[in-house]
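Structural description and commentary
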Amino acid sequence: MKMTGAKALVKSLENEGVKHIFGYPGGRLISVHHELHESKKIQHLLMRHEQVAAHAADAYARATGKVGVCMATSGPGATNLVTGIANAYMDSIPMVAITAQVGSMDIGTDAFQEADITGITLPIVKHSYLVKDATEIPRIVKEAFFIASTGRPGPVLIDLPSDMSMSQIEYDPDPEMSLPGYKPTFKGNNRQVKAAAKMILASQRPVIYAGGGVILSNAAPELTKLAHVTRIPTTTTLMGKGAIPEDDELSLGMLGMHGTAYANHAISNSDLIIAIGARFDDRVTGKLSTFAPHAKYIHIDVDPAEIGKNVKVDVPIVGDAKQIVAALVKEIKDDMAKLEKLPWAPWHDQIVAWKKKHPLTYKSEGELLPQYVIEQIYEATKNLDAVITTGVGQHQMWAAQFVKTLKPRTFISSGGLGTMGFGVPSALGAQVGRPEAVVFDIDGDGSFQMVSQDMATATAYDLPINICILNNQWLGMVRQWQELFWDKRYAYTDLTPGMPDFMKLAEAYGAQGIRITKPAEVMPAIKRAIKSKRPCILEFVITGEQGVFPMVPPGKGLQDMIYEQPEPQKGGS
Amino acid sequence: MRHTVSALVENKPGVLVRIAGLFARRGFNIESLAVGPTEKPSISRMTIVVDVADRPLEQVSKQLNKLINVLKVSDLKASEAVERELSLFKVSAKPETRAEVVEIVDIFRAKIVDASRDELIIEATGTEDKIAAIENMLAPYGIREMSRTGKIALARGGRKTED
Ligand SMILES: Cc1cc2nc3c(=O)[nH]c(=O)nc-3n(C[C@H](O)[C@H](O)[C@H](O)COP(=O)(O)OP(=O)(O)OC[C@H]3O[C@@H](n4cnc5c(N)ncnc54)[C@H](O)[C@@H]3O)c2cc1C
Ligand SMILES: Cc1ncc(C[n+]2csc(CCOP(=O)(O)OP(=O)(O)O)c2C)c(N)n1
């Protein structure tokens, strides 16, 4: 069948089962949008900024488990995608980004709107393609989706010169992939699984440390089973939230810089850490040399380069978490059942004592506090099919602490890159991927202002996202560091000057606006927002002086955690 | 520690940049890099000499292996590999010193590949040590210019680099 490269691209995307594309047009991309417009299988959503398109595709992937797709024109369109691609790369999210490029003959001539996007993105993609022969488009698309979604997932870029999309080719509906250098390990080594089981049975203070890899491999049921079968206390990273329901008695919540005191104590006193799809990030370990000083390590990860990268591992198992954890459960189940008493019963008692002594809490004197707001959002949504997304900052960490994530793929946050402005786009992407779900974005006034233009997208496509701005009038997370470590010199973190009226902004975009100033107003407002089934901006006017605690000071070990807000706290700037 | 990394890669545009970028990003300095075709036209071999500690090198090898176009990476130990480098020296050789220079060339089984009134171009192949030695010997006569290929290597005996 003869057709243009642009049409072949669209057909190839349809073949991959793509239902949604987040994009933005431009001169060299018209040919592709022209064909997309005719597609009955793909809906293209017109965003208001390419960065938002990339984040939305990223969050769509997180919410659904499918590959997210975004698209932008050459030059500035492509460079606007860069932050979004980096974000997906850092969190290992399967995404395909398609950019237009100047004509093949003009590459390298500083042609109008030329940007070497394959060059620019080299360190932040899993792989990239510059199309040099239009007949290869079907094969490249097939490979891109395969690479993005298998092994350790990640973003793949396809850069499409304008003459490639315009030229006539013979379309190959079933191209053959050619990836001789790409063979991700899937199945874990059986001997290693046995060794892991043995090591677990010989331990006294084991902890499961589950990360984003558990979510990515859809291994939450297996992970929860492993915890239940072995009765091993389980902590998750920010990215691993939902790997085990956080209301489970074995759950320790999040560990790390802003993790719970009991999770961090458990890690610090553990004699065996079972890391599953987690990468010992510095936000988790704090000072590496004092991390888990008494522990041995079992490390399960699909990426061999993660094993031994930050800590020395005793039993490495390379492969897919879902498969390996299932095998481990099978291996250990009978031995666990044979035990007369749980070897780590005293360990449980110790952890319960820590939970009692240092619960996750906050002090309230009747004012509206962010932690309270988030608790209420959790209460209002815990029995619903709900997805929570976040911006980056204090509100994100409070969300991580006070939203108990009960199911995988329902807590969506920018972890590795920590990209402010991720909240609105991720709410859009999640809502598109999960139209039935109630979507709440827990956002900051700073983060929100980076992407507020895309409220237009919510209105345009009737996406009933609920944007909760915790308005503390500060770049709060930076302010907290200034308060604690930089002599309270609040340099360039005060957002009061120029603070927009978010209610008017909501109105301007055709969204519902609700401003909340008192604790008693919180739940009714949340309920109203859910009921309205419209895009909604909820502005919670909160104090600027709240800090996120516990906190491990930067560069310190988990043992040096500050448990709670130091007193007195008043007096700010 | 200096290491010789041998990588078999798909012969595709952009592969060199990906590999060089990876080294740069992890803060490693490439001392030499040689790229050329192998017995299969679709595959090239890159021989990279880097100076890094063992642990970070393992990390780089693993990261290299992750590049889609990289087929195989191995760390070649000098004792288990044949290593060669080719170098060209342009040496000043006045009539009064010419005989001495020619003698050095003979000792090292190098070759004179070009001659002019005051200069000789000498081609030498061998291990790094040998090249360093001849360079050392020629230096007093005045090395005007020098060009080296960087090291290429193959694993010895029945072992293939791919194994
Ligand atoms: C302001 C701020 C504060 C933060 N504070 C904290 C904090 O206190 N605590 C915290 O935990 N995080 C925190 N983070 C997030 C942190 O930066 C990291 O993003 C996060 O800890 C990494 O999570 P992870 O280890 O689960 O790895 P991920 O980035 O989720 O990586 C996934 C891992 O799983 C592997 N994997 C992928 N697929 C599979 C598969 N199929 N099978 C097996 N393995 C697989 C990958 O190779 C990788 O190693 C913070 C972020 C910000 C922005
Ligand atoms: C794009 C981007 N720029 C800068 C930062 C650094 N940074 C981290 S948190 C933060 C403040 C966030 O403020 P806000 O969104 O209002 O949230 P709050 O901390 O007040 O809850 C800043 C500036 C970042 N993470 N991302």
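What counts and what doesn't
- Residues numbered from 1 in each chain as written.
- Chains lettered and ligands numbered in written order.
- Predicted model: local features only at pLDDT ≥ 70, side-chain atom pairs only at ≥ 80, totals over all residues.
- Heavy atoms only, no water.
- Pairing = 2+ DSSP bridges.
- Helix = DSSP H or I, 4+ residues; strand = E, 2+ residues; numbered from the N terminus.
- Axes fitted to C-alpha atoms, helices over the stretch in contact; angles between N-to-C directions.
- Contact = heavy atoms within 4.5 Å.
- Domains from an automatic or database assignment.
- Buried area = accessible area lost by both parts, 1.4 Å probe.
- Buried < 20%, exposed > 50% of the residue type's maximum accessible area, 1.4 Å probe, protein only.
- Arc of directions from axis to C-beta.
- Near = heavy atom within 4 Å.
- Polar contact = N/O pair within 3.5 Å; in protein donor to acceptor, adjacent residues only side chain to side chain.
- Areas by Shrake-Rupley, 256 points an atom, 1.4 Å probe, with all protein chains shown as cover.
- Nonpolar A, V, L, I, M, F, W, Y, C, P; charged D, E, K, R; others polar.
- Patch = residues over 30% accessible without salt bridge, like charges linked within 9 Å, V, L, I, M, F, W, Y side chains within 5 Å.
- Salt bridge = Lys/Arg side-chain N within 4 Å of Asp/Glu carboxyl O.

Residues and elements named next belong to chain B. Taken in spatial order, the four strands of this open sheet run 2-3-1-4, and their pairing is antiparallel. A strand with exactly one partner marks an edge of an open sheet, and here the two such strands are strand 2 (30-37) and strand 4 (70-76). Between one strand axis and the next, the sheet turns by 15° as a mean value, whatever way the strands run. Across six bridges, strand 1 (residues 2-10) lies against strand 4 in antiparallel orientation. The partner of Ala-7 across the bridge, within strand 4, is Val-73. Contacts between helix 1 (residues 15-25) and the sheet are confined to strand 1, strand 2, strand 3 (43-51) and strand 4, with strand 3 contributing the most and set at about 20° to the helix.

Let us look at the domain arrangement of chain B. Residues and elements named next belong to chain B. Domain boundaries in chain B define domain 1 (2-76) and domain 2 (82-152). Distance from the C-alpha centre of domain 1 to the C-alpha centre of domain 2: 29 Å. Contact with domain 1, which involves seven residues of that partner, is made by six residues of domain 2. In total, domain 1 and domain 2 occlude about 470 Å² of area from one another, counting both sides; carbon and sulfur atoms represent 46% of this.

Among all positions of helix 20 (residues 476-485) of chain A, only A:Gly476, A:Arg479, A:Gln480, A:Gln482 and A:Glu483 are buried. End-on, the buried residues of helix 20 of chain A take up no more than an arc of 165°, which puts them together on one face.

Before going further, it helps to spend a moment on the site of ligand 2. Residue and element names in this part refer to chain A. Taken together, 17 residues surround ligand 2, and among them Gln-394, His-395, Gly-418, Ser-447 and Gly-476 come closest. Contact between ligand 2 and Asn-472: an oxygen atom at 2.9 Å from a side-chain N or O atom of the residue. At a separation of 2.9 Å, an oxygen atom of ligand 2 approaches a polar backbone atom of Met-477. Here ligand 2, which alone exposes 580 Å², has 76% of that area covered by the protein. Elements supplying a minimum of two residues to the shell around ligand 2: helix 16 (394-402), helix 18 (445-449) and helix 20. Broken down by class, the residue content of the shell around ligand 2 amounts to seven nonpolar, nine polar and one charged.

It is worth spelling out the environment of B:Val73 at this point. Residues and elements named next belong to chain B. Inspection of the secondary structure assignment puts Val-73 in strand 4. Take Val-73: its relative accessible area is 10%, and that puts it in the buried class. The spacing of Val-73 and Thr-47 is 26 residues in sequence and 9.9 Å in space, taken between C-alpha atoms. Not counting the four nearest positions on each side in its chain, Val-73 is found in contact with Val-5, Ser-6, Ala-7, Ser-61, Leu-64 and Asn-65.

Here we take up a nonpolar patch on the surface. All names here are of chain B. On the surface, a nonpolar cluster with roughly 310 Å² of combined accessible area is contributed by Leu-16, Val-17, Leu-33 and Val-35. Topologically, Val-35 is positioned in strand 2. Residue Val-35 is classed as partly exposed on the basis of its relative accessible area of 46%.

Moving on to the domain arrangement of chain A. All names here are of chain A. Splitting chain A by domain gives domain 1 (2-170), domain 2 (190-357) and domain 3 (370-549). The contact between domain 1 and domain 2 buries some 580 Å² in all, and 60% of this surface belongs to carbon and sulfur atoms. The largest per-residue losses of area from domain 1 upon contact with domain 2 belong to Met-90, Asp-91 and Arg-152, which jointly make up 62% of the total buried on that side. Between domain 1 and domain 2 we count two salt bridges in total. For Glu-306, the salt bridge is made with Arg-152, and the minimal N-O distance between the two is 2.8 Å. Put simply, domain 1 and domain 2 have two residue pairs in polar contact (both at pLDDT 80 or more) between them. Classifying every residue of the side of domain 1 that touches domain 2 by side-chain character gives four nonpolar, two polar and three charged.

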